[in-house]
Amino acid sequence: MTDSHPASSLIIGGAASSPRAPLPTLPPLALYIHIPWCVRKCPYCDFNSHTASPVLPEEEYVDALLADLDQDLHAVYGREISSIFFGGGTPSLFSAQALGRLLKGVEQRIPFAHDIEITLEANPGTFEQEKFVAYRKLGINRLSIGIQSFQQQKLEALGRIHNGDEAVRAAGMARQAGFDNFNLDLMHGLPDQSLDDALSDLRQAIELKPTHISWYQLTLEPNTVFWNQPPVLPEDDTLWDIQEAGQALLAAHGYAQYEVSAYAQPGRPARHNLNYWSFGDFIGIGAGAHGKLSHPDGHIVRTWKTRLPKDYLNPAKSFQAGEKALSNDEMPFEFLMNALRLTAGVESRLYPERTGLPLESLAEHRREAEQSGLMQVEPSRLAATERGQLFLNDLLQKFLS
């Protein structure tokens, strides 16, 4: 799936001499919970996922998650949780009973915002669909359903275990279960995919009337089957045609693009992901989960947890595999690689509020980006131009020494 937790060890220029101030207010706080098991590992997937055994260690894993959370409570500083995201892997492999015990344990430790968004990633398979009603009763109020394609040939090429009919039924069952807010995950640029194939998938997704569509291009990632045995992907001209026609189709049906690969009906962007992109804080618990936590004195720390489930469940091993305090030099890139993914960018004031560094520390590189036509000339906002969105890596390079 599309959610990720970016971290960078790149050295950034332009802010080294700027003093970092205490943060005037701490950012909103979210919680990411990683469930690392799948029925089968997809050949394109580079997430921390592992093939599930016939019986999952639900009870032991929930115990470990809550113990993991206990070790991060020192960085909460009285804040409430604004959103929770169950990612994976396939979180919907877990029973409602296990997830209910987990949510109750989390709320006993950190208060939930009254309008908290709780998202669960789910697959379209019938086994998971049967649990949708129970999940909704737990307070989970948003689903993210991994469709990827509705076409059998493409699903088989991607190693998916559902079929197109199950994908269609999943959306209907989500709505029947009481989910009035759900995302469909869809890929384009698939092996041997034509423009008509891609638009057919997109039209089918739109007909199901999700509130949100994540529509993103298949990329070949290291440490995947596709990286070592690459399939034949569409030519660049076809990929460009798919991107342009798909964006126009989504816009025509009321899905506004608010991030590089995210499209939503009015008022329905994913609040959890918006928190990532606006440099908010998030606790990450579970095997391989990443977190980012700000402290009142201005120091900001990225954390990552033990990746292998067997190690995560081993009481003799630490949950946390490592942490890194962000330096002043790294802060511009860390902030902008998230904020500039948003089509509207963010208000300029957010940079000093979230980093403790003055806005002026960006001035030189920002001016270069504006002169290159990659960044909008708008003092009150930090935002890429349309060209900057297309060449986001080039834009971010402007902030590297």
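Residues numbered from 1 in each chain as written. Predicted model: local features only at pLDDT ≥ 70, side-chain atom pairs only at ≥ 80, totals over all residues. Heavy atoms only, no water.

Turning our attention to the packing of aromatic side chains. Counted by the stated rule, this structure contains 12 aromatic pairs. Summarising the aromatic geometry, the rings of Tyr 32 and Phe 85 are spaced 6.3 Å apart at their centres and angled 20 degrees between planes, so their arrangement reads as stacked. With a gap of 53 residues between them, Tyr 32 in strand β1 (residues 29-35) and Phe 85 in strand β4 (residues 81-88) connect regions that are remote in the sequence. Classification of Tyr 32 by relative accessible area gives buried; the value is 4%. An aromatic cluster of three or more residues is present, and its members are Trp 37, Tyr 61, Phe 94, Tyr 312 and Phe 319. Over the face of the ring belonging to Phe 179 we find Arg 136, whose NZ or CZ atom lies 5.8 Å from the ring centre. For the cation-ring pair, Lys 292 lies above Phe 279, with the distance from its terminal atom to the ring centre recorded as 3.8 Å. (Phe/Tyr/Trp six-rings, centres within 6.5 Å; stacked < 30°, edge-to-face > 60°. Helix = DSSP H or I, 4+ residues; strand = E, 2+ residues; numbered from the N terminus. Buried < 20%, exposed > 50% of the residue type's maximum accessible area, 1.4 Å probe, protein only. Lys NZ or Arg CZ within 6 Å of the ring centre and 35° of its normal.)

Formed by 66 residues in total, the largest nonpolar core has its most connected members in Leu 31, Ile 33, Ile 84, Phe 86, Phe 94 and Ile 283. Setting aside residues no more than four positions away along its own chain, Ile 84 makes contact with Leu 31, Ile 33, Leu 103, Phe 112, Ile 116, Glu 117, Ile 118, Thr 119 and His 272. Counting residues in hydrophobic clusters, the runner-up holds 37 residues, among them Phe 85, Phe 279, Phe 335 and Leu 392. (Core = buried A, V, L, I, M, F, W, Y, C linked by side-chain atoms within 4.5 Å. Contact = heavy atoms within 4.5 Å.)

Of all six residues that make up strand β13 (residues 300-305), five are buried, and the element is covered over most of its length. Bridging between strand β12 (residues 290-294) and β13 involves five bridges; their strand directions are antiparallel. For Gly 291, the partnering residue across the bridge sits in β13 and is Thr 303. Counted between consecutive antiparallel strands, the loop separating β12 from β13 contains five residues, among which Gly 298 sits at a positive phi close to 105 degrees. When β13 meets strand β14 (residues 320-325), the two strands line up antiparallel, connected through five bridges. Bridge pairing in β14 places Arg 302 opposite Lys 324. (Pairing = 2+ DSSP bridges.)

For helix α9 (residues 236-252), with 17 residues, the first-to-last C-alpha span of 24 Å sits near the 24 Å given by 1.5 Å per residue. All of the buried residues in α9 are Leu 239, Ile 242, Gln 243, Gly 246, Leu 249 and Leu 250. Seen end-on, α9 carries its buried residues on one side only, within an arc spanning 140 degrees. Those residues of α9 that are exposed and aimed more than 90 degrees away from the buried face are Asp 237, Ala 251 and Ala 252. Elements in contact with the buried residues of α9: β7 (182-188), α7 (195-207), β8 (212-217) and β10 (262-264). Positive phi appears at Gly 254, one or two residues downstream of α9, with a value of about 85 degrees. (Expected span 1.5 Å × (residues − 1). Arc of directions from axis to C-beta.)

A separate point is the confidence of the model for the chain. Chain-level pLDDT for the chain is 92 on average; 95% of the residues reach the 70-or-more range. Of the regions scoring below 50 in pLDDT, residues 3-17 engages in 52 contacts with residues more than four places distant in sequence or in other chains. (pLDDT = per-residue confidence, 0-100.)

Moving on to the domain arrangement of the chain. The accessible area lost on association of the parts is a frequent measure of interface size. What the domain assignment lists for the chain is domain 1 (29-275) and domain 2 (328-400). Placing a centre on the C-alpha atoms of domain 1 and another on those of domain 2 gives a separation of 28 Å. In this assembly, seven residues from domain 1 lie in contact with six residues from domain 2. For the pairing of domain 1 and domain 2, the buried interface totals around 560 Å² over both sides, and the portion due to carbon and sulfur atoms is 58%. Summed over the shared surface of domain 1 and domain 2, the result is one salt bridge. (Domains from an automatic or database assignment. Buried area = accessible area lost by both parts, 1.4 Å probe. Salt bridge = Lys/Arg side-chain N within 4 Å of Asp/Glu carboxyl O.)

Moving on, we come to unusual backbone geometry. Cis rather than trans, the peptide bond between Gly 88 and Gly 89 has omega equal to 15 degrees. Here Gly 89 lies in the loop between β4 and α2 (96-109). Positive phi, normally seen in glycine, also occurs at Tyr 77, with a value near 55 degrees. Within the secondary structure layout, Tyr 77 lies in the loop between α1 (58-72) and β4. Positive phi outside glycine occurs at Gln 148, with the angle close to 70 degrees.

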